[in-house]
Amino acid sequence: MFWIAVIVVIIIVILVLVSCVKIVPQANAFVVERLGAYQGTWEVGLHFKVPFIDRVAKRVLLKEQVVDFAPQPVITQDNVTMRIDTVVFFQITDPKLFAYGVENPIMAIENLTATTLRNIIGDLELDETLTSRETINTKMRASLDIATDPWGIKVNRVELKNIIPPQAIQEAMEKQMKAERERREAILRAEGEKKSTILVAEGKKESAILDAEAEKRAAILRAEAKREATIKEAEGQAEAILRIQQANADGLRFLKEAEPDAAVLQIKSLEAFAKAADGQATKIIIPSEIQGIAGLAKSVVEVAADVKDAK
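To keep things clear, this report deals only with the structure shown in the data block. Because the structure is a prediction, the values reported are computed rather than measured.

## Digging into a negative patch on the surface
A contiguous patch of negative charge on the surface is contributed by Asp 78, Glu 125, Asp 127 and Glu 128. Tracing the backbone shows Glu 128 in helix α4 (residues 126-131). With relative accessibility at 37%, the residue Glu 128 sits in the partly exposed group.

Okay, here's the thing in structure tokens:
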């Protein structure tokens with residue numbers, strides 16, 4: 001029995017010693033009391049307490065925490081009642097003040113948030129409340145941070161989650177938004193039709209310009225073709241005249257080289273006279289030489305006729 005009692009005592013002592021060893025995890029702090037009085041705050045790491053004298057009075061989370069409060073009724077300066085719910089982001093900076101500063105800190109923050117919100121919204125009209133969300137957030141954060149500092153709490157941010165106006169105002173706002181959407185739609189439709197009309201006009205203008213340019217180019221090509229044909233025709237006529245003159249010159253040159261007698265020259269003169277007589281001249285002057293040749297020719301013809309009759 002003695003040994004059993006010793007073993008039991010040893011086990012109890014070991015359990016008591018083990019219970020006196022405390023490990024504080026990261027982002028946490030332990031508030032320790034000794035005989036009911038504040039003894040100290042344990043940070044992260046391994047700690048030992050005196051058995052039956054020391055105790056961990058409160059475990060404090062040092063991470064940033066988020067509290068979403070229910071919608072609170074508030075009244076604006078123009079006597080419009082609305083409901084606003086807020087979200088508060090806070091962090092415990094002093095575990096001792098948090099443990100002993102206020103009973104139920106979360107409820108205290110909620111009540112303080114509702115009071116601060118009513119004070120701020122009471123100085124604003126409905127339109128300002130709906131459009132000044134960022135300003136309200138900044139004012140509330142500053143007020144709450146000052147008020148919660150004695151509790152060891154730092155308020156980092158305050159956000160207005162929802163602003164719920166009365167039903168009648170919601171319906172009026174919806175109608176206004178609908179009218180605004182319809183107005184924007186009409187503006188966009190008119191702008192689209194305007195752009196379409198402009199595009200059509202620009203297309204017609206471009207088409208007319210292209211047609212005019214095409215007609216201009218065609219006229220230029222026709223004029224160039226006509227000018228080219230005229231030049232070719234003139235060159236052909238010039239070439240023909242040149243060749244005729246060349247032929248005449250060659251004929252004269254050959255005639256000169258042949259040294260013709262007077263009879264040949266008279267015959268050539270007669271041929272030239274015959275060609276002149278074929279023209280449209282109404283008056284022809286016949287040289288005396290040609291007249292003699294004509295008489296000679298007539299005599300030759302008469303002699304030839306007499307010889308034929310004699311035969």
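Still more ground to cover, so stick around.
## A few points about the nonpolar core
Ile 84, Val 88, Ile 109, Leu 117, Ile 136, Met 140 and Leu 160 are the most contacted members of the largest nonpolar core, which has 29 residues in total. For this core, the secondary-structure elements that each account for two or more residues are β8 (81-92), α3 (105-121), α5 (133-148) and β9 (153-164). Setting aside residues up to four positions removed in sequence, Ile 136 forms contacts with Leu 117, Ile 120, Ile 121, Leu 124, Thr 129 and Leu 160. Counting 5 residues, the second largest nonpolar core, distinct from the first, contains Phe 30, Val 32, Trp 42 and Val 56.

## Notes on the pattern of salt bridges
A side chain of one charge can pair with a side chain of the opposite charge when the charged atoms of the two come close. Scanning the model with the defined rule gives 9 salt bridges in all. Lys 161 serves as the salt-bridge partner of Asp 68, at 2.9 Å between the closest nitrogen and oxygen. Of this pair, Asp 68 sits in strand β6 (residues 65-68) while Lys 161 sits in strand β9, placing them 93 residues apart in sequence. The salt bridge involving Arg 183 is made with Glu 180; its shortest N-O contact spans 2.5 Å. Here Glu 180 and Arg 183 lie together in helix α6 (residues 167-258), a separation of 3 residues that amounts to about one turn. Overlapping salt bridges bring together Arg 141, Asp 145 and Lys 154 as one network.

## Quick word on α3
The terminal C-alpha atoms of α3, which comprises 17 residues, lie 24 Å apart, in line with the 24 Å expected from a rise of 1.5 Å per residue. Along α3, the residues that are buried comprise Pro 105, Ala 108, Ile 109, Thr 113, Ala 114, Thr 116, Leu 117, Ile 120 and Ile 121. The secondary structure elements touched by the buried residues of α3 are β7 (72-75), β8, α2 (95-100), α4, α5 and β9.

Basis of the calculations
Residue numbering note: each chain is counted from 1, following its sequence as written. Two thresholds apply to this predicted model, a pLDDT of at least 70 for residue-level local features and 80 or more for giving and counting side-chain atom pairs, whereas whole-chain, interface and lining totals are computed over all residues. Water and hydrogen atoms play no part in the side-chain values, which are based on all heavy atoms of the structure. The patch calculation keeps residues exceeding 30% relative accessible area without a salt bridge and links them within 9 Å when they carry like charges or within 5 Å when they are nonpolar (Val, Leu, Ile, Met, Phe, Trp, Tyr). In this description, accessible areas are obtained by the Shrake-Rupley approach with a 1.4 Å probe, and a residue is regarded as covered only by the protein chains that are shown. One side-chain nitrogen of Lys or Arg within 4 Å of one carboxyl oxygen of Asp or Glu is enough to make a salt bridge. Counting rule applied: Lys, Arg positive; Asp, Glu negative; His and chain ends not counted. Taken as the charge centre is NZ of Lys, CZ of Arg, CG of Asp or CD of Glu, depending on the residue. For the purposes of this entry, the term helix denotes a DSSP run of H or I that reaches at least four residues, the term strand denotes a run of E that reaches at least two, and both are numbered from the N terminus. The rule is simple: take the accessible area with a 1.4 Å probe, protein chains only, and divide by the maximum for that residue type; under 20% is buried, over 50% is exposed, in between is partly exposed. Buried Ala, Val, Leu, Ile, Met, Phe, Trp, Tyr and Cys residues that are joined via side-chain atoms within 4.5 Å together make up what is termed a nonpolar core. Note on definitions: a residue-residue contact is assigned when non-hydrogen atoms from the two residues lie within 4.5 Å. By this rule the span expected of a helix is its residue count minus one, scaled by 1.5 Å.

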